[in-house]
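The primary structure of each chain is shown beneath.
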Amino acid sequence: MTDPISAVLLDDSVDFSLTELCALCRVSEELVVEIVAEGIVEPSGTEPRQWRFSGVALARVRRVARLQQDLGVNLPGAALALDLLDELERLRRGGR
Amino acid sequence: MEYKDYYQVMGVGRDASAEDIKRAYRRLARKYHPDVSKEPNAEARFKEVGEAYEVLRDPEKRAAYDGLGAHRQGEEFRPPPDWRFDAAAGTDTGAHSDFFEQLFGGLGLRGGFRGRGFDTAGQIELTLEEAYAGTERRVALERLVADEHGRPRPTTQQLNVRIPAGVVDGQQIRVAAQGQPGVGGGPAGDLLLAVRLLPHRWFRAEGRDVYLDLPVTRGRPRSARPCACRRSAAASISRSPRARRRIDACGSRGAGYPEARPAINSACSRS
């Protein structure tokens, strides 16, 4: 058996620059700027060049990109879908 | 290889209009989209529907597919010896069935452009103990690997993945560069695994807190003795704050989930 490959937990302890985020999610910087403007993710830093995105934000941007591409929803629609999915998940877990 | 009845997959007749097919795709995509669906085989169904749509939405591919005649879904099938379909290079590198690759393949991996490979999404189920302490997992992945003619073929590979300690239910973990291979020398995509915690006999995790529901006789909460709850779990007792305090006092406070320690992604190997 070979050595295992390390997995990285995508939570708030890892962060990515705008360029890294775009490469990892296969999206344009313009789209990420729009996603931030829509309030779907909130990077730290004021200017796009200084933005840092958490692992959680990375997962959200990926989901938005997939929802847009696969289901043809626009950004406000994707934002609403994400919020409702989060809510649904919370209810499924029996959260309050 | 097995014949794929794309019309059956989409739930439309062979005479369906482009509008009918688009409508059927939208409906099925919403139903099985891995980001939305909780259906047990959503990912596989979504891929199947996506593949069917990729063929049926394109008039040239659809005409070529129709030319093969109608066969039963899953029937053993060989393309005609003179089969030839020149697809536009680099239109898609998503994972497809063997059937699709044989008929319409040759895309992507031999296209004349460079691009990052697609990410592969999956789910792993962990016990509470495994999530708490970290573990190693063998993961079977279906990936496109170029054969000797440069044609991408779906191949199952095994990976050994180290899961960091402190993963909570619903979180995603990333295994860098273990998704689909890149195109034209581009970097590979990532493997993304969503974590699902299996129910535990005693404990229940809510975020980083671990709970133990301990039934207490209603009339005698005073006599609830500090129980032998395991040090790995902070305990909560419904309707009995007094007993909760005693449990806290028995030394479990702060014994919830450890903060996740993200592993540095370095050594990379395949088995």
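Because the structure is a prediction, the values reported are computed rather than measured.

Parameters at a glance
- Residues numbered from 1 in each chain as written.
- Chains lettered and ligands numbered in written order.
- Predicted model: local features only at pLDDT ≥ 70, side-chain atom pairs only at ≥ 80, totals over all residues.
- Helix = DSSP H or I, 4+ residues; strand = E, 2+ residues; numbered from the N terminus.
- Buried ≥ 20, exposed ≤ 12 C-beta atoms within 10 Å, placed from the backbone.
- Contact = placed C-beta atoms within 7 Å.
- Expected span 1.5 Å × (residues − 1).
- Axes fitted to C-alpha atoms, helices over the stretch in contact; angles between N-to-C directions.
- Parallel < 35°, antiparallel > 145°, perpendicular 65-115°, else oblique.
- Left-handed = near helix turned anticlockwise from the far one by under 90°.
- Pairing = 2+ DSSP bridges.

### With respect to the overall build of chain B
Along the backbone of chain B there are seven helices and seven strands. From first element to last, N terminus to C terminus, chain B shows the α and β order α-α-α-α-α-β-α-β-β-β-β-β-β-α. For chain B, with 271 residues in total, the buried portion stands at 28%. Long-range contacts, defined here as pairs at least 24 residues apart, represent 57% of the contacts in chain B between residues at least 6 apart.

### Examining the overall build of chain A
Within chain A one finds four helices and four strands. Its helices and strands in sequence order give chain A the pattern β-β-β-α-α-β-α-α, from N to C terminus. Burial statistics for chain A: of 96 residues in total, 32% are counted as buried. Of the contacts formed within chain A by residues at least 6 apart in sequence, a portion of 58% connects residues at least 24 apart.

### Digging into unusual backbone geometry
Residues and elements named next belong to chain A. Phi at Arg26 takes a positive value of approximately 55°, unusual for a residue other than glycine. Within the fold, Arg26 resides in the loop between α1 (18-25) and α2 (29-37). The partly exposed category is assigned to Arg26, around which 16 C-beta atoms lie within 10 Å.

### Considerations on helix α3 (residues 42-56) of chain B
Residues and elements named next belong to chain B. The first and last C-alpha atoms of α3 sit 21 Å apart over 15 residues, in line with the 21 Å expected at 1.5 Å per residue. All of the buried residues in α3 are Phe46, Glu48, Val49, Gly50, Glu51, Ala52, Tyr53, Val55 and Leu56. At its buried positions, α3 is contacted by α1 (6-10), α2 (18-32), α4 (59-66) and α5 (98-104).

### Observations concerning the packing of helix α3 (residues 55-71) of chain A against helix α4 (residues 75-92) of chain A
Residues and elements named next belong to chain A. Running from N to C, α3 and α4 cross one another at 125°; their axes reach a closest spacing of 10 Å. Regarding the angle of α3 to α4, the classification is oblique. When the axes of α3 and α4 are compared, the crossing they make is right-handed. Contact residues: α3 offers Arg60, Arg63, Val64, Leu67 and Gln68, while α4 offers Ala78, Ala81 and Leu82.

### Some thoughts on the pairing of strand β6 (residues 203-206) of chain B
In summary, the side chains of a regular strand alternate between the two faces of the sheet. Residue and element names in this part refer to chain B. The pairing of β6 with strand β7 (residues 209-212) spans four bridges and is antiparallel. Each bridged residue has a counterpart across the sheet, and for Arg204 the counterpart in β7 is Tyr211. Between β6 and β7, which pair antiparallel and follow one another directly, the connecting turn spans two residues, one of which, Gly207, has a positive phi of 60°.

### Brief notes about the sheet that holds strand β1 (residues 120-126) of chain B
Read from one edge of the open sheet, four strands run β2(A)-β4(B)-β5(B)-β1(B), paired in mixed fashion. Looking at which strands have only one partner, the edges of the open sheet turn out to be β2 (8-9) of chain A together with β1 of chain B. Inspection of the sheet shows β2 of chain A paired to strand β4 (residues 172-175) of chain B by two bridges, in the antiparallel sense. Note on β4 of chain B: the bridge partner recorded for Val8 of chain A is Arg174 of chain B.

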